[in-house]
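Reading the structure
Single-letter residue listing:
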Amino acid sequence: MAESIIKTEGLSYVYSAGTPYEHRAIDDINIDIEKGSFVGLIGHTGSGKSTLIQHLNGLIKPTAGKVYVGGEDIWENPKDIRKFRFKVGLVFQYPEHQLFEETVYKDIAFGPKNMGLSENDINRRVREAAKHTGLTEEYLEKSPFELSGGEKRRVAIAGVLAMQPEVLILDEPTAGLDPKGREFILSEIKTYHERTGATIILVSHSMEDVARFASHVLIMNHSKVAMYGETREVFKRVDELCEMGLEVPQISRVFAKLREKGIDVPESVLTVAEAKEAVLKLLEKGGEANA
Amino acid sequence: MAKKSFIEANSISFSYPSYDGVIPPLVLDGVSVSVDEREFVAVLGHNGSGKSTLAKHFNAILVPTEGNVSVSGISTAEEAKLFEIRQEVGMVFQNPDNQIVATIIEEDVAFALENLGVPPMEIRERVDDALKKVEMYDYRLHSPNQLSGGQKQRIAIAGIVAMRPKCVVLDEPTAMLDPRGRREVMKTIRQLNKELGITVIIITHYMDEAAMCDRVVVVDDGKVIMDSTPREVFGSVELIKERGLDVPQVTELCYELKKEGFDLPECVLDEDECVAALEKLLKGGENNG
Ligand SMILES: Nc1ncnc2c1ncn2[C@@H]1O[C@H](COP(=O)(O)OP(=O)(O)OP(=O)(O)O)[C@@H](O)[C@H]1O
Ligand SMILES: Nc1ncnc2c1ncn2[C@@H]1O[C@H](COP(=O)(O)OP(=O)(O)OP(=O)(O)O)[C@@H](O)[C@H]1O
Ligand SMILES: [Mg+2]
Ligand SMILES: [Mg+2]
C-alpha cells in the first residue's frame, strides 16, 4: 500500500464557539493523502478550504479530531509543533499575511533561517527560490510593501519554497498573477513536485488548472469533504459538481451546449487542448465518412 | 475647444519616491487615456506593468509627476477638490483587507454613505440592497475578520454598490472569488453600468471578464500599448501572448482550429458565438457525409 503522508480523523473546527457567530467551518473531515501525490482542492467560497489546510501544519488547533503527518499525531506534543511547520509549508491566500520583513531577501530567508541553516545555505536557497518564482536579482533588496500585487504573491511563494518542505500547500497561489505568471508558477510547482517527490496540495478555483496538474482532487462542500479521488474519476462527475454550485470552465460549458444540440462531443472536457483534440477527432471521422 | 472626457489622463508619468538616492524607475511613462461617462473599460497588463498605479491616478490617490489627470474637468492636483473627486470616482482596492474599516459588516458597507451625509433611512435601504446583491445579507451583523477571502471581496464590492458613485474603479475585484462568485459579481458590475449608467473601470487578469467589457486597455511596462474593442484586442492572439497575457478559452480554441485550416469566424469572444461556430463546423461535416 502507498505510504500516507497526511491523514485526518474526525477533524472538525468551530469558529467563535459559544457566540451567535459560531460556525462549524470544517466538519468531520477524514482524508488520507498519499505521499508524493499532487492534490487539487476545490470548493465554493466559504466551504472551509483555508480552514482545513491551516490544520495540516498546526496553524490552527482542531476543535475535535486528529491530524497525522507522516504517521505522527502533530498535537501529541504541542511543544514540537514547529517541526511540522517546516515539514509542511503553507503559502497563505493573502500574501500580505505572510510578508513582514524589510527586504524581499529577508522575507524569503525567514523560513530557512528559523530552520537553523547556515548563511551559505540560506543564501543559496533564497536565490534559487527567487529564480523559481520569476523574481530577478533586483527585487531582493526591495521592500515587499513596495511591490505590485502579483510581485508580492511571488515573494510569498518563494519564502515557502525556500524551506523545501516535504508537503507544499498553496492557497490559491495564482490569484492575482498574470496569465504567463500563472503558467510559470504552476509549472515550477510541478517541477518541484517531480524533482523532490514532495506532496502538493493546491487550493484553486480553476478546474482547468487542477485538471492539468493534479493527480488527485479533493472537493469541499459546506464544511465537508464531498469527493476525493483520482482527477479523472472526480471530473467524470461534472454534473454533481455543478449541482454543488461549482462551475466548470468556459470550454466545458460550450461542450455541454454542443451535446444538448445533439453533437457527440465527449463529456468532462476541461482544457483547450482536450477540446481541440475532441473537435479534430470528430472532424476526422466526418472526413472518413465522406471518403 | 474639444469636449473633455469624464476622466482624462494626458501624457502622465509617475515614479514612486526613492529613499536611497537611486533614480526611481518610471512606473507610468507618458500614458494618455480618456474614459467617457457610462463606458465599461477593462485594463489588462502583466504583473508590475502599472495597472494599480494608473488606477490610483483616477481618484487622486496618486498624482502624476508629469502630465495631468482630470475628473469632470477638475484637475486631480487640486487638493481642495479631493472630496469632490473621490465622491465621483469610487475605488475597490486589490486587497480587500485594506478597504475594510468597521468591525461590523453592515457598518463597513455604510461607512462611505455616512461620510457623504446620506439620510439614515436611505443608508439602511442602500446597504441592505447592496448586501443582497453580493449575497452577503445573512452576514450583515458579522465581523469582517470572520470572513473567508472571497466573502471579504464581496463586502468591498457591496461598499461601492451602496455608494453609487458616478464611476467605479475595481482593482481585480474577482481575484479571490470562485467562478460562480466571479460571474455574479461581473453581473452586478454590468448592471451598475447598464442600468444605473455608472462608468466602470475594471482591472483583471481574467480574459473572459475583459471580453465582456466595451473596451480593453492594455498596459505594458508603464505604457498603453493597445486601446480598442475586445474583439480587436483578442484578435491579436500572438501579440497578446507575447505580452504575457492570454485570450479567453473559446477564443483560443477557435483560433487554434482556424490555424489548422478550418473555416471559423475571425475572433470568437463568448460562449454563444463559440457554440454557434462549432455547431456549424461539426454539423456541416455531417451533412456532407
Ligand atoms: N474567525 C471566524 N469566525 C467565524 N467564522 C469564520 C471565521 N473565519 C472564517 N469563518 C467562516 O468559516 C467559513 C470557512 O472559511 P474558509 O476561509 O475556510 O473558506 P474558504 O473555503 O477558504 O473560502 P474562500 O474560497 O472564499 O477563500 C466561512 O463561512 C467563514 O465565514
Ligand atoms: N508603493 C510602492 N513603492 C515603490 N514601488 C512600487 C510601489 N507600488 C508599486 N511599485 C512598483 O511599481 C510597479 C507597478 O506596480 P503596480 O502595482 O501598478 O502594478 P500592477 O500592474 O497593478 O501589477 P499586479 O498585476 O501585480 O497587481 C511595480 O514594478 C512595483 O514594484
Ligand atoms: Mg480561502
Ligand atoms: Mg495591481
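On a predicted model such as this, the values are computed, not experimentally measured, just so you know.

Our focus in this paragraph is the packing of aromatic side chains. Residues and elements named next belong to chain A. Under the criterion given, the structure shown has three aromatic pairs over all chains. Taking 4.9 Å as the distance between ring centres and 85° as the angle between the ring planes, the aromatic pair formed by Tyr13 and Tyr15 counts as edge-to-face. The exposure class assigned to Tyr13 is buried, which follows from its relative accessible area of 17%. When the ring of Phe100 is compared with that of Phe110, the centres are 4.9 Å apart and the planes differ by 90°; the resulting orientation is edge-to-face. With Phe100 in the loop between strand 7 (88–91) and helix 3 (104–114) and Phe110 in helix 3, the pair connects residues that are ten residues apart, well separated along the chain. We classify Phe100 as partly exposed; its relative accessible area is 46%.

Around ligand 1 sit 23 residues in total, of which Lys49, Ser50 and Thr51 of chain A together with Ser148 and Gln151 of chain B are the nearest. Within the backbone of Gly46 of chain A, a nitrogen or oxygen atom sits 2.8 Å from an oxygen atom of ligand 1. Elements that contribute at least two residues to the shell around ligand 1 include exactly strand 2 (23–29) and helix 1 (49–55) of chain A together with helix 5 (149–163) of chain B. Classifying every residue of the shell around ligand 1 gives four nonpolar, 17 polar and two charged.

All names here are of chain A. If you check the domain split of chain A, you get domain 1 (4–248) and domain 2 (249–291). The C-alpha-based centres of domain 1 and domain 2 are spaced at 34 Å. Here domain 1 packs against domain 2, burying approximately 700 Å² in sum over the two surfaces, 71% of which is carbon and sulfur. For domain 1, the biggest contributors to the area lost against domain 2 are Glu208, Phe235 and Val248; these three give 58% of the whole. Across the contact surface, domain 1 and domain 2 share one salt bridge. A salt bridge links Glu247 to Arg253; its shortest N-O distance comes to 3.1 Å. At the boundary of domain 1 with domain 2, the tally comes to two residue pairs in polar contact (both at pLDDT 80 or more). Secondary structure elements with two or more residues in the side of domain 1 that touches domain 2: helix 7 (207–213) and helix 8 (231–236). For the side of domain 1 that touches domain 2, the leading source of residues is helix 7, giving four residues.

Glancing now at the site of ligand 2. As a matter of local geometry, ligand 2 sits amid 20 residues, with Ser148, Gly150 and Glu151 of chain A together with Lys51 and Thr53 of chain B nearest to it. A distance of 3.4 Å separates an oxygen atom of ligand 2 from a polar backbone atom of Gly149 of chain A. Protein burial of ligand 2: of its 640 Å² of free accessible surface, 86% is covered by the chains. Taken together, the elements giving at least two residues each to the shell around ligand 2 come down to helix 5 (149–161) of chain A together with helix 1 (51–58) of chain B. Of the residues in the shell around ligand 2, the class split is three nonpolar, twelve polar and five charged.

Describing two packed helices takes the angle between their axes plus the distance from one axis to the other. All names here are of chain B. Across the interface, helix 3 (residues 105–116) lies against helix 5 with an axial gap of 9 Å and an inter-helix angle of 30°. In this structure, the crossing between helix 3 and helix 5 has a hand that is right-handed. Of helix 5, the residues touching helix 3 (which contributes Ile105, Asp108, Val109, Ala112, Leu113 and Leu116) are Ile155, Ala158, Gly159, Ala162 and Met163.

This part is about the coordination of the magnesium ion (ligand 3). For a metal with four tetrahedral donors the ideal donor-metal-donor angle is 109.5 degrees, whereas six octahedral donors ideally subtend 90 or 180 degrees. Residue and element names in this part refer to chain A. Around the magnesium ion (ligand 3), the protein contributes the donor atoms Ser50 (OG) and Gln93 (OE1), which lie 2.0 to 2.3 Å from the metal centre. Within this pair, whereas Ser50 is found in helix 1, its partner Gln93 is found in the loop between strand 7 and helix 3, the two being separated by 43 residues in sequence. With respect to class, Ser50 is no different from Gln93; both count as buried.

Each partner contributes to the interface: chain B provides 52 residues, whereas chain A provides 49 residues. In total, about 4500 Å² of surface goes out of reach between chain B and chain A, with carbon and sulfur atoms giving 59% of it. By the criterion of area lost to chain A, the three top residues of chain B are Asn47, Met176 and Gln249 of chain B, representing 17% of everything that side buries. Taken together, the links from chain B to chain A amount to seven salt bridges. At the junction of chain B with chain A, the criterion picks out 20 residue pairs in polar contact (both at pLDDT 80 or more). By residue number, the principal contributor to the side of chain B that touches chain A is helix 11 (residues 271–288) of chain B, which donates eleven residues.

About the criteria used
Residues numbered from 1 in each chain as written. Chains lettered and ligands numbered in written order. Predicted model: local features only at pLDDT ≥ 70, side-chain atom pairs only at ≥ 80, totals over all residues. Heavy atoms only, no water. Phe/Tyr/Trp six-rings, centres within 6.5 Å; stacked < 30°, edge-to-face > 60°. Buried < 20%, exposed > 50% of the residue type's maximum accessible area, 1.4 Å probe, protein only. Helix = DSSP H or I, 4+ residues; strand = E, 2+ residues; numbered from the N terminus. Near = heavy atom within 4 Å. Polar contact = N/O pair within 3.5 Å; in protein donor to acceptor, adjacent residues only side chain to side chain. Nonpolar A, V, L, I, M, F, W, Y, C, P; charged D, E, K, R; others polar. Domains from an automatic or database assignment. Buried area = accessible area lost by both parts, 1.4 Å probe. Salt bridge = Lys/Arg side-chain N within 4 Å of Asp/Glu carboxyl O. Areas by Shrake-Rupley, 256 points an atom, 1.4 Å probe, with all protein chains shown as cover. Axes fitted to C-alpha atoms, helices over the stretch in contact; angles between N-to-C directions. Left-handed = near helix turned anticlockwise from the far one by under 90°. Contact = heavy atoms within 4.5 Å. Donors = N, O, S within 2.8 Å, 3.2 Å for Na, K, Ca; no water.

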